[in-house]
Amino acid sequence: MSKELMIERIEKAQKEIEAKRETVQQGKFRQDYHFMAETGWINDPNGLIYFKGKYHFFYQYNPYSGFWDCMHWGHAVSEDMIHWEYLPLALAPSEVYDDHLKGGCFSGSAIEHDGKLFLIYTGTCNNGNGFEQAQCIAYSEDGIHFEKYEGNPVITAPEGVPTDLFRDPKIWKHDDTYYVVCGASKNGFAQARLYKSTDMFHWEFVNVLAESRGEWGYMWECPDFYPVGDKYVLMFSPMGGKERTSVYLVGDFDYDTGKFFYTISGEIDWGFDYYAPQSFLAPDGRRILVGWANAWDWMPFWKDWGPTYQEGWCGFFNIPREAVLAEDNTLKFIPVKELQDLRKNKQEEADILIKEDEKKELRSGCVYETEMRINLKKSTADKIRLNLRMSQGKKTEILFDLKRAEAYFDRNNSDGWSKGVARCPLNLMGKEHLDIHIYSDKISLEIFSNDYQNNFSCNIYNVDDDQKNEVKAIGGDLVIESIRSWELEKTMK
């Protein structure tokens, strides 16, 4: 054990943060209300939990630059998931099982046990046998200062599972037993492997909870498993899943066998920038999800995951969303109600008719929230187009093609940096209304539609002043019953 080494490395990282904090906060790309680290690079949300009266967000973190590198765990707390207090780093590489420049303390989760806050994470190292990943334990009396378990690692890759494809443990408790699901790959197919323990330190394999036969890629990153209503949900970010970055499966689970039987599949988000979501229970029983607002596959390496690295930072989280089970056992992902506290300077209009090929101007700017309710029964338009974040020849287009039952998010002309058109099917069968809900921040757009089941999250690096927004009717008239919009309070630096 190298307890002193972890403390030393956390102190070194904190000095780096303090030295760069003020400069980074002056960056023009910094978000107004999305969670970010103070400096450096972040990716996956980790260890999300409500513990001793506060929400805890941990996160994959490199405090030394705006690029991915040796992984630490950052840590922040909040009373409302909106206003955040940064705490000292929770974990730093220090042991033979997690100390490597291209390894470190990879993703994991948190749970309360015996009054302490326990973390289970993937230690990643390379000691001459290639990269090896194993599951490790750390714990804390005060929820701030953590100690690694001297018996780590507690779960290692079994025979047939590559040691570099066994990671991201998500923990929960059922009755008197703790369970962990880990992402893995075997014979080129993705798996979610289930383990159980009665004391958090000694684990036994239960079963392969679920697996891909090729349709869901070769590796499941950041699997999560939880009940919603009378069903269970498995979600993951598949490697080799092409356009799929955040998949969910709904079905039934048998604790006696450890097998999950799913009948429903869907996408949490169809955008380019939603990955590795993790869930947790709020104190009122809501199941809340938080994702990393980027993805490994979409942005080519020469793009460096956006231009924010030039300011010494990279990465933020999507807004928290509540997972709600619909009547047909699909899921809705609804922005948490706490976000409403950010609203100010409301604008509202009702009973709007937009004639064919005409436009309606919306609230200007780049930091805002807009809700729109469209009457499909009275509208004759074939398409609805939102032209958002327009300035100096730049424009982001969101198209709802009612005739072909598809939706598109086109950022090819958004900022001179980003590329790509995200798309999804748009099932409006039997529906009389289409609701559209927009959250826009300095460098992101999150579009929720169709009862929060067709969602796009994409980063937009346009920070020009005086940005305009509008809605256009194509191929017929458009009847909008209401438009409500707000400016949103700045809570981050």
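Procedures and definitions
Residues numbered from 1 in each chain as written. Predicted model: local features only at pLDDT ≥ 70, side-chain atom pairs only at ≥ 80, totals over all residues. Heavy atoms only, no water. UniProt positions renumbered as here; feature names shortened; annotations may be inferred. Pairing = 2+ DSSP bridges. Helix = DSSP H or I, 4+ residues; strand = E, 2+ residues; numbered from the N terminus. Domains from an automatic or database assignment. Contact = heavy atoms within 4.5 Å. Buried area = accessible area lost by both parts, 1.4 Å probe. Salt bridge = Lys/Arg side-chain N within 4 Å of Asp/Glu carboxyl O. Polar contact = N/O pair within 3.5 Å; in protein donor to acceptor, adjacent residues only side chain to side chain. Nonpolar A, V, L, I, M, F, W, Y, C, P; charged D, E, K, R; others polar. Disulfide = S-S within 2.5 Å. Buried < 20%, exposed > 50% of the residue type's maximum accessible area, 1.4 Å probe, protein only. Axes fitted to C-alpha atoms, helices over the stretch in contact; angles between N-to-C directions. Core = buried A, V, L, I, M, F, W, Y, C linked by side-chain atoms within 4.5 Å.

Under the annotation held in an unreviewed UniProt entry, the protein carries the name Sucrose-6-phosphate hydrolase and is attributed to Dorea amylophila. Quoted straight from UniProt, the Sequence similarities (unreviewed entry) entry for the protein says "Belongs to the glycosyl hydrolase 32 family." Word for word, the UniProt comment on the protein under Pathway (unreviewed entry) is "Glycan biosynthesis; sucrose metabolism."

**Comments concerning the sheet that holds strand β2 (residues 54-62)**
Spatially, the five strands line up as an open sheet ordered β4-β3-β2-β1-β20, and their pairing is mixed. Each of the sheet's edge strands pairs with one partner strand only, and the pair in question is β4 (84-86) and β20 (313-314). Two elements, β2 and strand β3 (residues 72-78), share seven bridges in a ladder whose sense is antiparallel. Pairing of Phe58 across the sheet is with His75, part of β3.

**Some thoughts on the domain arrangement of the protein**
According to the domain assignment, the protein contains domain 1 (3-335) and domain 2 (344-487). Its C-alpha centre places domain 1 at a distance of 31 Å from the equivalent point of domain 2. Contacts between domain 1 and domain 2 engage 37 residues on the former and 31 residues on the latter. Together domain 1 and domain 2 conceal approximately 2,800 Å² of surface at their shared face, both sides included; 54% is due to carbon and sulfur atoms. At the boundary of domain 1 with domain 2, the tally comes to four salt bridges. Here domain 1 is connected to domain 2 by 26 residue pairs in polar contact (both at pLDDT 80 or more). Broken down by element, the residue count for the side of domain 1 that touches domain 2 peaks at five residues, all from strand β22 (residues 331-335). Within the side of domain 1 that touches domain 2, the residues separate by chemical class into 19 nonpolar, nine polar and nine charged.

**Structural notes on the state of the cysteines**
Simply put, the disulfide is a covalent bond whose two ends are the sulfur atoms of two cysteines. Scanning the entire structure with this criterion turns up zero disulfides. Unpaired in this structure, Cys366 has its nearest cysteine sulfur neighbour in Cys458, at a distance of 16 Å. Cysteine Cys424 remains unbridged, with the sulfur of Cys458 as its closest cysteine sulfur at 11 Å. With a relative accessible area of 3%, Cys424 lands in the buried category.

**Side note on the UniProt feature "domain: Glycosyl hydrolase family 32 C-terminal" (unreviewed entry) in the protein**
The sites that UniProt annotates as "domain: Glycosyl hydrolase family 32 C-terminal" (unreviewed entry) are residues 338-487. The straight-line gap between the two end C-alpha atoms of residues 338-487 is 15 Å; of that span, 0% is helix and 59% is strand.

**Focus: the sheet that holds strand β19 (residues 287-292)**
Taking strand neighbours across the sheet as the criterion, the four strands line up as β18-β19-β21-β22 in an open arrangement whose pairing is antiparallel. Of all the strands in the sheet, the pair left with one neighbour each is β18 (275-281) and β22. Recorded for the sheet is a direction-independent mean angle of 35° between the axes of neighbouring strands. Where β18 lies against β19, five bridges are found, and the strand directions are antiparallel. Each residue of the ladder has a partner; that of Phe280, found in β19, is Ile288.

**Points about the pairing of strand β21 (residues 321-325)**
Where β19 meets β21, two bridges bridge the pair, whose relative direction is antiparallel. Paired with Ile288 across the bridge in β21 is Glu322. In this sheet, β22 lies alongside β21 in antiparallel orientation, the contact comprising five bridges. Bridge pairing in β22 places Ala323 opposite Phe333. Where β21 hands over to β22, the hairpin turn is made up of five residues, of which Asn329 adopts a positive phi near 70°.

**What about the side chain of Ser444?**
Along the chain, Ser444 turns up in strand β31 (residues 444-449). Setting aside residues no more than four positions away along its own chain, Ser444 makes contact with Gln31, His34, Phe316, Arg389, Tyr439, Cys458, Asn459 and Ile460.

**Structural notes on the pattern of salt bridges**
A side chain with one charge can pair with a side chain of the opposite charge if their charged atoms come near. According to the stated counting rule, one finds 35 salt bridges in the structure shown. A salt bridge links Arg21 to Glu38; the nearest nitrogen and oxygen atoms lie 2.5 Å apart. A residue pair is termed long-range when its members are at least 10 positions apart, and Arg21 in helix α1 (residues 3-25) and Glu38 in the loop between α1 and β1 (40-51) qualify at 17 residues. As a salt-bridge pair, Glu267 and Arg244 come within 2.1 Å of each other at their nearest N and O atoms.

**Observations regarding the nonpolar core**
One finds Leu91 and Leu119 to be the most contacted residues of the largest nonpolar core, which totals 59 residues. Every element with two or more residues in this core is listed here: α1, β1, β2, β3, β5 (104-113), β6 (116-126), β7 (131-140) and β19. Split by domain, the residues of this core number at least three in each of domain 1 (3-335) and domain 2 (344-487). Ranked by size, the runner-up nonpolar core spans 32 residues in total, among them Leu376, Leu388, Ile460 and Val471.

**Observations concerning unusual backbone geometry**
Cis geometry marks the peptide bond from Asn152 to Pro153, where omega comes out at -5°. Relative to the elements of secondary structure, Pro153 occurs in the loop between β8 (147-148) and β9 (155-156). Positive phi, close to 55°, is recorded for Asp351, a residue that is not glycine. Position of Asp351 among the secondary structure elements: in strand β23 (residues 343-354).

**Some thoughts on the side chain of Ser379**
Among the structural elements, Ser379 can be located in the loop between β25 (368-375) and β26 (383-391). Polar contacts involving the side chain of Ser379 include one to the main-chain carbonyl oxygen of Asn375, which spans 2.6 Å. In this structure Ser379 touches Ile374, Asp477, Leu478 and Val479, once residues within four positions along its chain are discounted.

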